[in-house]
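Listed below, chain by chain, are the residues.
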Amino acid sequence: MNTKLTNIVEQFAFEGTICEIKPLGEGLINDTYKVKTCETDRPDYVLQRINHHVFPDIDRVMHNIDAVTSHIRNTLAAKETPDIDRRVLRFLPTKKDGNLYTMLNDGTYWRMMVFIDNAITKQNIDIENSREAGRAIGDFQKMLADIPVHLGESIKDFHNMEFRLEQLHNVVKKDPAGRVKEERVQKMLAEIGTRAEEMCKAERLGREGILPKRVCHCDTKVNNMLFDKEGKVICIIDLDTVMPGLVGYDFGDAIRANTNFTREDDPDLSKVGINLDY
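Novice: Can you explain the packing of aromatic side chains? Please cite residues and give values.
Specialist: Throughout the structure, instances matching the rule amount to 3 aromatic pairs. On the numbers, 6.0 Å between centres and 50 degrees between planes, the contact of Tyr 101 with Tyr 109 is tilted. Here the two residues Tyr 101 and Tyr 109 agree in accessibility, since each one is buried. Between the NZ or CZ atom of Lys 34 and the centre of the ring of Phe 115, over which it lies, the distance is 4.2 Å. Taking the ring centre of Phe 227 as reference, the NZ or CZ of Lys 122 above it sits at 5.3 Å.

Below you can see the structure in the form of structure tokens.
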């Protein structure tokens, strides 16, 4: 067993005896491990290294997550919802200071949460999963509509289309790869140009107070949801990007990722499209 990982786990207030630690999932940002305990009456856990290059303010990220999971837990408890521990993530405090993460001497950040068993993750969806995924995102936002805690931006301007267009324009001016004059690039830039005003409409309405800021997940891919064996979403996971935003962020992100005919980073653009049934 990996001694370093075992030592990290030992910093958290977990129950049971460590039997095994092995990689978990297919995440691209954080390193994730399943911590299996030897006792049948103790839960298993998830150990995760938080990518502090993608999320430079770990304290803010974990503050957001703690606020969101606590509020969801309280909301579910008020409704006397059964199996609450399967419907919202539970992070463990450290033994030393009670924080929800620890920083090692090598500058890496780690956290630990209870593993939700008998749950299924999906990389792709069908028509039934599509409807269920949409419902789950709506429920997630509804439960957080009255959260009393102010959240900060875990990644500044993450879904701000005005900022993203400004980034594009700056790169076009510099043309570091010498591709701006290529015909296919010109077509792409022209297409974006014709849509730019409409693309930024939500940001303008937000500034005018017409669209309110709400708590959004900001990464509403289907693989950020846990399903039960009946195909119902039991828990929304991967909460690092939870922050204030416009509901259109979550809707648009779900459409982009979940209704595409192919994977979101497929280099063959001829395969890309929206499945309207989904």
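Novice: Residues and numbers for the confidence of the model for the chain, please.
Specialist: Mean pLDDT over the chain stands at 94; residues scoring 70 or higher make up 100%. By mean pLDDT, the top-scoring element of the chain is strand β5 (residues 109-114) (98), and the lowest-scoring one is helix α7 (residues 247-258) (91).

Novice: How would you summarise the sheet that holds strand β2 (residues 31-37) if you had to cite specific residues and measurements?
Specialist: One open sheet holds the 5 strands; their spatial order is β1-β2-β3-β5-β4, and the pairing between them is antiparallel. Each edge of the open sheet is held by one strand with a lone partner, namely β1 (18-23) and β4 (102-103). Looking at chain direction, β1 and β2 are connected through 5 bridges and run antiparallel. For Pro 23, the partnering residue across the bridge sits in β2 and is Tyr 33. Along the sheet, helix α2 (residues 58-78) contacts β3 (45-50) and β5; its crossing angle with β5, the most-contacted strand, is approximately 15 degrees.

Novice: Describe the pairing of β2, and please don't skip the residues or the numbers.
Specialist: For β2, a buried count of 5 out of 7 residues is recorded, marking the element as mostly surrounded by other parts of the structure. Summarising the sheet, β2 and β3 pair through 5 bridges and their orientation is antiparallel. Considered in β3, the bridge of Tyr 33 is made with Leu 47.

Novice: Please set out helix α5 (residues 183-199) residue by residue, giving values where relevant.
Specialist: Between its first and last C-alpha, α5 extends 23 Å over 17 residues, near the 24 Å set by a 1.5 Å rise per residue. At Gly 193, α5 shows its strongest bend, of approximately 35 degrees.

Novice: Could you give me a rundown of the state of the cysteines, with the residues and numbers involved?
Specialist: Under the criterion given, the structure shown has 1 disulfide. Disulfide pairing is shown between Cys 19 and Cys 38; the S-S distance is 1.9 Å. In this structure the cystine formed by Cys 19 and Cys 38 twists about its S-S bond by roughly 120 degrees; its chirality is therefore right-handed. Of the two residues, Cys 19 sits in strand β1 while Cys 38 sits in the loop between β2 and β3, which places them 19 residues apart along the sequence. A relative accessible area of 41% places Cys 38 in the partly exposed class. Cys 216 forms no disulfide, and the closest cysteine sulfur to it belongs to Cys 218, at a distance of 5.2 Å. Unpaired in this structure, Cys 235 has its nearest cysteine sulfur neighbour in Cys 218, at a distance of 17 Å. Classification of Cys 235 by relative accessible area gives buried; the value is 1%.

Calculation rules
- Residues numbered from 1 in each chain as written.
- Predicted model: local features only at pLDDT ≥ 70, side-chain atom pairs only at ≥ 80, totals over all residues.
- Heavy atoms only, no water.
- Phe/Tyr/Trp six-rings, centres within 6.5 Å; stacked < 30°, edge-to-face > 60°.
- Buried < 20%, exposed > 50% of the residue type's maximum accessible area, 1.4 Å probe, protein only.
- Lys NZ or Arg CZ within 6 Å of the ring centre and 35° of its normal.
- pLDDT = per-residue confidence, 0-100.
- Helix = DSSP H or I, 4+ residues; strand = E, 2+ residues; numbered from the N terminus.
- Pairing = 2+ DSSP bridges.
- Contact = heavy atoms within 4.5 Å.
- Axes fitted to C-alpha atoms, helices over the stretch in contact; angles between N-to-C directions.
- Expected span 1.5 Å × (residues − 1).
- Bend = angle between axes of the 7 residues up to and from the residue.
- Disulfide = S-S within 2.5 Å.

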